[in-house]
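Tertiary structure, described
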Amino acid sequence: MRAERGSPAFWLRELVNQRWEEPVSEAKPYVIPKQLVWNAYRRVKANQGAAGVDGETLAMFEKELRGNLYKLWNRMSSGSYFPPAVRLVEIAKESGGTRPLGIPTVVDRIAQTAVKMVLEPLVEPFFHEDSYGYRPGKSALDAVEVARKRCWHANWVIDLDIKSFFDCLDHDLVERAVAKHTDLGWVRLYIARWLRAPLQRPDGTQEQRTKGTPQGSVISPLLANLFLHYAFDTWMRRTFPAVQFERYADDAIVHCRSERHAKQVLEAIRDRFKECGLELHLTKTRIVYCKDGGRRGSYEHTSFTFLGFTFQARAARSRAGAKFTSFLPAISKQALKKISGEVRRWRLHRKVPLTMAQIAKKINPIVRGWIQYYGAFYRSALCPLLARINSYLMRWIRKKYKRLKSYTKAMAAWRRIISQHPRLFAHWAWVRWPWQTG
């Protein structure tokens, strides 16, 4: 199917196929189409984002849009663009501690997006089929689905956790990987500068970087994928061609046929990562036995968490209605705790000034996202959370309408609302009652 003229797919194809080698002038040695910078800005605008170290928001940048975009194009074409420092923000991790997040300026996000739009079509065809992170046409749910099926056939899994992956990327290895796929001087030049751009802490001090790439910048996921493509994916295909795995950015699981085989593969992976300047987390990297109703014996670890889903033995039912125990994914306790905290912070029972329709409009996009992601597998594990939302709504009814203060009257009103507006709330397709759990 041919891409329509003017569509993003058409633009990317034309971008890759056009001639780049002829310089515009000595003052502008790099051929960078103005249309590329404009399209990059449109992507940044669609994604929004916070201000960087200069405090400039997207709205402020757009006040002099044409002039600002021209300045960026002019500096990138001449090779005189130097990325500003990246604003460092500490984000709390679910497992405790903090994760450093780098926020580039608006101008820098546009420049990075322009480079990504050129580099991504060049490297994408080479990526491994079992690499799912930050790739067009692939998703985290695809990775979970493939992992679910493979766990039924392979008894053992290596749950890999790379310690501080984004902070430990070797700059020279990243640049060598980029150079394998493009000889465009400006792409390689600006990637090298972004890798070495300093981090600015909240107190204003700057930290020079000799390794790593800021987690949160536009170009970092693509560079991380490219790095792990050579450090892990192609190495696995060459060293253990029969071993299957799923990788989403730096989160990966490897399937093995026996405990002995898993230990052998894990030791080899550990050595390989050491060669590439990476280190596996000692306590979070584990060998897991995929124990179910048909697998005997015991092991220290019989569950693992991957992309927000915990894989473990769970009750299941065959198409014929027979009950059995299978090794299946469901929303993890950490993810459930996180979104339960968000529901609690909504304080729906105190939104008395709002109508029920206004509440539904406010929370439906969020709840629908949870349902589409975490409800994709073993949906009954998500039902208690959805029932909890209903319990908050029931409290809202009893607070808003004094005549419905008694539970019996409130329940009668609830039934009427459900009957008249069965699709008012996104989660009512699954759970309609405050006490329903599955």
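One can find the structure itself at the top, above this paragraph.
Residues numbered from 1 in each chain as written. Predicted model: local features only at pLDDT ≥ 70, side-chain atom pairs only at ≥ 80, totals over all residues. Heavy atoms only, no water.

A word on the state of the cysteines
This structure, assessed with the given rule, holds zero disulfides. This cysteine, Cys276, is not joined by any disulfide, and Cys168 carries the nearest cysteine sulfur, 12 Å off. For Cys276, a relative accessible area of 7% gives the class buried. (Disulfide = S-S within 2.5 Å. Buried < 20%, exposed > 50% of the residue type's maximum accessible area, 1.4 Å probe, protein only.)

Concerning the sheet that holds strand β5 (residues 206-207)
The strand order across the open sheet formed by four strands is β2-β1-β4-β5, and the pairing between neighbours is mixed. Both edges of this open sheet fall to β2 (98-103) and β5, since each of them pairs with a single strand only. Inspection of the sheet shows strand β1 (residues 86-92) paired to β2 by six bridges, in the antiparallel sense. Among the inter-strand pairings, Ile91 is bridged to a residue of β2, identified as Arg99. (Pairing = 2+ DSSP bridges. Helix = DSSP H or I, 4+ residues; strand = E, 2+ residues; numbered from the N terminus.)

Topic: helix α13 (residues 383-400)
Quick reminder: α-helices carry 3.6 residues per turn. Residues three or four places apart thus point the same way. Between the first and last C-alpha of α13 there are 26 Å, a value that for 18 residues agrees with the 26 Å anticipated at 1.5 Å per step. Among the residues of α13, Cys383, Leu385, Leu386, Ala387, Ile389, Asn390, Tyr392, Leu393, Met394, Trp396 and Ile397 are the ones counted as buried. (Expected span 1.5 Å × (residues − 1).)

Things to note about the sheet that holds strand β10 (residues 309-317)
The three strands are arranged β9-β10-β11 in an open sheet whose pairing can be described as antiparallel. The outermost strands of the open sheet, each flanked by one partner alone, are β9 (304-306) and β11 (323-331). On average, each strand axis in the sheet is tilted by 50° relative to the strand beside it, whichever way the strands run. Pairing of β9 with β10, which is carried by three bridges, proceeds in the antiparallel orientation. The residue of β10 that forms the bridge with Thr305 is Thr310. (Axes fitted to C-alpha atoms, helices over the stretch in contact; angles between N-to-C directions.)

Brief notes about the pairing of strand β6 (residues 245-248)
Covered by surrounding structure in β6 are Phe245 and Arg247 together with Glu246 and Tyr248, the residues of both alternating faces. In terms of strand pairing, β6 meets strand β7 (residues 251-256) through four bridges, oriented antiparallel. Bridge pairing in β7 places Arg247 opposite Ala252. In textbook terms, the turn of a hairpin is the stretch between consecutive antiparallel strands, and for β6 and β7 this stretch comprises two residues, one of which, Ala249, has a positive phi near 55°.

Section: the packing of aromatic side chains
Applying the stated criterion across every chain, the model contains 23 aromatic pairs. Between the aromatic rings of Phe165 and Phe227, the centroid separation amounts to 6.4 Å while the plane-to-plane angle is 65°, which identifies the pairing as edge-to-face. With Phe165 in the loop between β3 (156-161) and α7 (171-179) and Phe227 in helix α9 (residues 220-239), this residue pair connects regions lying 62 residues apart in the sequence. Classification of Phe165 by relative accessible area gives buried; the value is 2%. Residue Phe227 is classed as buried on the basis of its relative accessible area of 4%. Seen in terms of ring centroids, Phe425 and Trp428 are 5.0 Å apart; in terms of plane orientation they differ by 55°. Their pairing is tilted. By relative accessible area, which is 1% here, Trp428 ends up buried. Across from the ring centre of Tyr378, 5.5 Å away, lies the NZ or CZ of Arg314, which sits over that ring. Seen from the ring of Trp430, Arg379 lies directly overhead, with NZ or CZ sitting 4.1 Å from the centre. (Phe/Tyr/Trp six-rings, centres within 6.5 Å; stacked < 30°, edge-to-face > 60°. Lys NZ or Arg CZ within 6 Å of the ring centre and 35° of its normal.)

A few points about empty space enclosed by the protein
According to the stated counting rule, one finds two cavities of 30 Å³ or more in the structure shown. As for the largest cavity, its lining consists of Val86, Pro104, Asp108, Gln112, Trp194, Leu195, Ala197, Arg209, Thr213, Pro214, Ser217 and Ile219. Of all the secondary structure elements, the ones that give two or more residues to the lining of the largest cavity are α5 (106-123) and α8 (185-196). Broken down by class, the residue content of the lining of the largest cavity amounts to seven nonpolar, three polar and two charged. (1 Å grid on protein atoms, 1.4 Å probe; cavity = no way out; pocket = protein on both sides within 12 Å on 5 of 7 lines; lining within 4 Å. Points joined across faces, edges and corners; volume = space filled by probe spheres on them. Nonpolar A, V, L, I, M, F, W, Y, C, P; charged D, E, K, R; others polar.)

Structural notes on the layout of surface pockets
What the largest pocket holds in volume is close to 1900 Å³. Lining the largest pocket are 45 residues, with Lys93, Arg99, Asp161, Asp250 and Asp251 positioned closest to its centre. At the level of elements, β1, β2, β3, β9, α11 (333-346) and α12 (356-374) are the ones that each hand at least two residues to the lining of the largest pocket. Per-element tally for the lining of the largest pocket: the top contributor is β2, with four residues. Class assignment of the residues belonging to the lining of the largest pocket gives a composition of 19 nonpolar, 13 polar and 13 charged.

Quick notes on unusual backbone geometry
Located in the positive-phi region is Gln48, a residue other than glycine, with phi close to 60°. By the element assignment, Gln48 lies in the loop between α2 (34-47) and α3 (58-61). Judged by relative accessible area, Gln48 falls into the partly exposed class, the value being 43%. The phi angle at Tyr134 is positive, at roughly 55°, despite the residue not being glycine. Within the secondary structure, Tyr134 sits in the loop between α5 and α6 (140-153).

Here's the deal with a positive patch on the surface
A cluster of basic side chains, namely Arg344, Arg345, Arg347, Arg350, Arg395, Arg398, Lys399, Lys402 and Lys405, defines a positive patch on the protein surface. Counting residues per element, the ones that place at least two in the positive patch are α11 and α13. With respect to the helices, strands and loops of the structure, Lys402 is situated in the loop between α13 and α14 (407-420). With relative accessibility at 68%, the residue Lys402 sits in the exposed group. (Patch = residues over 30% accessible without salt bridge, like charges linked within 9 Å, V, L, I, M, F, W, Y side chains within 5 Å. Areas by Shrake-Rupley, 256 points an atom, 1.4 Å probe, with all protein chains shown as cover. Salt bridge = Lys/Arg side-chain N within 4 Å of Asp/Glu carboxyl O. Lys, Arg positive; Asp, Glu negative; His and termini not counted. Charge placed at Lys NZ, Arg CZ, Asp CG, Glu CD.)

Considerations on the pairing of β3
The buried fraction of β3 amounts to five of the six residues, a majority that puts the element mostly inside the structure. As judged from the six bridges shared by β3 and β7, these two strands associate in the antiparallel manner. By the bridge assignment for β7, Val157 is matched with His255. Direction of pairing for β3 relative to strand β8 (residues 286-289): antiparallel, over a ladder of four bridges.

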